[in-house]
Amino acid sequence: MAETKRIKYGLYDKDGNFKCWRMTKRIKNANGEYDVLTAHSKKSEKDCRKVLEGLIKDYYQEQEKNKHKAVSSDMPFKEFADNWYELNIKNADVSAKTKSDYKGYVYTHIIPYFESYRLCDIQEDDCQRFINSYKGYSKPYVSKLRMTLRRILKRALKQKLIPDNPAEDVVLPEVTQGTRRPITDEERALIIETAKKHYAGAAFLTMLYCGLRPIEIRNLKWADIDFEKDVLTVTKSKTKAGEGRLLPIPPQLRTALLEHKLKGQNNEWVFVRYKNYELPMDTNAFYHAWHSFYHQMDIANGATVYRNQITKSTLAPDLEPYLLRHTFCTDCQAAGVPLNVAKELMGHSDISVTSKIYTHMVDEVFEQNRKRLAEYAKEKDNHTD
């Protein structure tokens, strides 16, 4: 492995006071990329060099250990997939949400299904049966599951552990073309119950009862909520059409928001980061909150858990925060809210966007309109007689 010379320098604070010595060393790994080792010491430059030498020694020992680590075609698929995630995803330069998604694909779905298989035993039919088990789910989600399985097995093929990729020609089953769906009654009940105990429960209830986007949740301030009139104002949104819209706050949400306010986490921002109440949620904090919320829901619903990790999930894999906003829109439809009013409540710039959701007619809406038509026809017939 190629090395570069040590680089040393002192670190100083903003007032120019010395903080510590720092030394770095770059080492080219087997993949042709550089790993950077960094040592710090407040004692002396000599001590900092000693710390760095210890890091270098540990680095080479770990590389040697990995070199001799048994990798073979008859190893358990679980071990290979776990190793793939650790090397290719866990430390990758991608968003926290992407890492969380991949972790769900691998540990909640793919590994549990193929847990009893050796790497060399997996056939194309096994992969097809796995994908077929997600019939009826959204196309994007099933496609990502298939893509992840293909990537894992492609790595095995590249390492010449298997003769071909058994997931390469797997086809999607009958799936839902839309990326969104309303939540089920069972999911709704579970979300409402979990929200009572989870630190971000009020945030997800606000999405459900007011149809807010994630960006609107993250930018919501207490000044935007009028508890006297039970009205919420969206001041910052994804689009201009979403800004400035007024939303009614139902009693159940009002109670949750007031209880959340009593925690006194932040006097300006409604929803803040889990470990830093002074800052509002950013994208990573929001999806970390959802991952935690989903995890808690799953356990409450009877998921199989090992060392606080879900080994067998009970929840739909496509259950995500945006479905709460989608559900708000279908709730508007079920409640008889006119399409043009729902457009304003959702903050859509084009009514055609709202109408696409309204066309997803739920059974309740169908039954309501069936009765209306029957009553109208009966009244018309009686008048004619």
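This write-up is about the structure you can find in this document. Computed from a predicted structure; not experimentally measured. Along each chain, residues carry numbers from 1 onward, in the same order as the chain's sequence is written. Reporting in this predicted model follows two pLDDT cut-offs: at least 70 for local features of residues, and 80 or more for side-chain atom pairs to be given and counted; totals over whole chains, interfaces and linings ignore these cut-offs and use all residues. As a convention, hydrogens and water are excluded, and side-chain values are obtained from all of the structure's heavy atoms.

## Here's the deal with empty space enclosed by the protein
A cavity here means a set of 1 Å grid points, computed over protein atoms only, where a 1.4 Å probe fits but cannot escape. A pocket is an open set with protein on both sides within 12 Å along at least 5 of 7 lines, and lining residues have an atom within 4 Å of a point. Grid points are joined across faces, edges and corners, and a volume is the space filled by probe spheres set on the points. Going through the model one piece at a time under the given rule, you end up with one cavity of 30 Å³ or more. Here the largest cavity defines a volume of roughly 40 Å³. Considering the residues around the largest cavity, the lining is formed by Glu-216, Asn-219, Leu-220, Asp-224, Thr-233, Val-234, Thr-235 and Lys-236. Looking at side-chain class alone, the lining of the largest cavity contains two nonpolar, three polar and three charged residues. Each residue receives one of three labels: charged for Asp, Glu, Lys and Arg, nonpolar for Ala, Val, Leu, Ile, Met, Phe, Trp, Tyr, Cys and Pro, and polar for the others, Gly being one of them.

## A word on the sheet that holds strand 4 (residues 225–226)
In this analysis, strands are considered paired if DSSP registers two or more bridges between them. The secondary structure listing takes helices from DSSP runs of H or I that are at least 4 residues long and strands from runs of E that are at least 2 residues long, numbered from the N terminus. Strand order in the open sheet formed by three strands is 4-5-6, and the pairing between neighbours is antiparallel. The sheet is open, and its two edges are formed by strand 4 and strand 6 (246–248), each paired on a single side.

## So, the packing of helix 7 (residues 201–210) against helix 10 (residues 283–300)
The convention used is that axes are lines fitted to C-alpha atoms, helices contributing only their stretch in contact, and that angles between N-to-C directions extend from 0 to 180 degrees. In the contact formed by helix 7 and helix 10, the axes pass within 10 Å of each other and the chain directions differ by 95 degrees. Our classification of the angle between helix 7 and helix 10 gives roughly perpendicular. Facing helix 7, whose interface residues are Gly-201, Phe-204 and Met-207, helix 10 presents Phe-286, Ala-289, Trp-290 and Phe-293. Working definition: roughly parallel below 35 degrees, roughly antiparallel above 145 degrees, roughly perpendicular at 65 to 115 degrees, and oblique for all remaining angles. Every residue pair with non-hydrogen atoms within 4.5 Å of one another is taken to be in contact.

## With respect to the pattern of salt bridges
For this document, the term salt bridge refers to a Lys or Arg side-chain nitrogen within 4 Å of an Asp or Glu carboxyl oxygen. For the coordinates displayed, the defined rule picks out 12 salt bridges. With a shortest N-O distance of 3.2 Å, Glu-45 and Arg-49 are connected by a salt bridge. Taken together, the residues span about one helical turn, with Glu-45 and Arg-49 both in helix 1 (residues 45–67) at a distance of four residues. Note that Asp-230 is salt-bridged to Arg-254, the shortest N-O span being 2.6 Å. Pair noted here: Asp-230 is in the loop between strand 4 and strand 5 (231–233) and Arg-254 is in helix 9 (residues 251–261), with a separation of 24 residues, a long-range link. With a relative accessible area of 28%, Arg-254 lands in the partly exposed category. Residues joined by salt bridges that share partners form a network here, namely Arg-213, Glu-216 and Arg-245. For each residue, the accessible area found with a 1.4 Å probe, counting protein chains only, is set against the maximum for its type, and the residue is called buried under 20%, exposed over 50%, and partly exposed in between.

## Topic: the pairing of strand 8 (residues 309–312)
Where strand 7 (residues 304–306) and strand 8 come together, three bridges link them in antiparallel fashion. The partner of Tyr-306 across the bridge, within strand 8, is Gln-309. Linking strand 7 back to strand 8 in an antiparallel pair, the connection comprises two residues, with Arg-307 at a positive phi of about 55 degrees.

## Re the environment of Leu-232
Position of Leu-232 among the secondary structure elements: in strand 5. Residue Leu-232 is classed as buried on the basis of its relative accessible area, which comes to 0%.

## What to know about a positive patch on the surface
A residue counts toward a patch only above 30% relative accessible area and without a salt bridge, and it is joined to like-charged neighbours within 9 Å or, for Val, Leu, Ile, Met, Phe, Trp and Tyr, to nonpolar neighbours within 5 Å. The accessible surface values rely on the Shrake-Rupley method and a 1.4 Å probe; as for residues, cover is taken only from the protein chains in view. Only four residue types enter the charge count: Lys and Arg as positive, Asp and Glu as negative, with His and the chain ends excluded. Working definition for charges: the position is that of NZ of Lys, CZ of Arg, CG of Asp or CD of Glu. A cluster of basic residues, Arg-151, Lys-154, Arg-155 and Lys-158, forms a positive patch at the surface. With respect to the element layout, Arg-151 can be found in helix 5 (residues 139–158). Assessed through its relative accessible area of 34%, Arg-151 is described here as partly exposed.

## Comments concerning the packing of aromatic side chains
Two rings from Phe, Tyr or Trp (for Trp, the six-membered ring) form a pair when their centres sit within 6.5 Å of each other. Planes less than 30 degrees apart are called stacked, planes more than 60 degrees apart edge-to-face, and all others tilted. Tallied over the full model, the rule gives 20 aromatic pairs. With centroids separated by 5.6 Å and ring planes inclined at 80 degrees, the aromatic side chains of Tyr-59 and Tyr-60 adopt a geometry described as edge-to-face. On the basis of relative accessibility, which here comes to 10%, the residue Tyr-59 falls in the buried class. Relative accessible area serves as the criterion here: at 28%, Tyr-60 is assigned to the partly exposed category. A network of ring pairs unites the aromatic residues Phe-77, Tyr-113, Phe-114, Tyr-117, Phe-130 and Tyr-134 as a single cluster.

## What to know about the packing of helix 6 (residues 185–195) against helix 10
Their axes nearest at 10 Å, the elements helix 6 and helix 10 cross at an angle of 110 degrees. The orientation of helix 6 relative to helix 10 falls into the category roughly perpendicular. For the element pair helix 6 and helix 10, the recorded crossing hand is right-handed. Here Leu-190, Ile-191, Thr-194 and Ala-195 of helix 6 lie close against helix 10, whose contacting residues are Phe-293, Gln-296, Met-297 and Ala-300. By residue class, the composition of the contact of helix 6 with helix 10 is six nonpolar, two polar and no charged. By definition, any crossing whose near helix is turned counterclockwise from its far helix by less than a right angle is left-handed, and any crossing with a clockwise turn is right-handed.

## Things to note about the nonpolar core
Counting residues in each nonpolar core, the largest one holds 48 residues, and the members touching the most others are Phe-204, Ile-225, Leu-232, Leu-257, Phe-271 and Met-297. Every element with two or more residues in this core is listed here: helix 6, helix 7, helix 9, helix 10, helix 11 (322–334), helix 12 (339–346) and helix 13 (351–358). Here this core gets eight residues from one element, more than from any other, and that element is helix 7. Beyond its immediate chain neighbours, meaning those up to four positions away, Leu-232 contacts Thr-206, Cys-210, Leu-212, Leu-220, Asp-224, Ile-225, Arg-245, Leu-246, Leu-247 and Ile-249. The next biggest cluster of nonpolar side chains, apart from the first, holds 31 residues, and it includes Phe-114, Leu-149, Ile-162 and Val-175. For our purposes a nonpolar core is just a set of buried Ala, Val, Leu, Ile, Met, Phe, Trp, Tyr and Cys residues, chained together by side-chain atoms within 4.5 Å.

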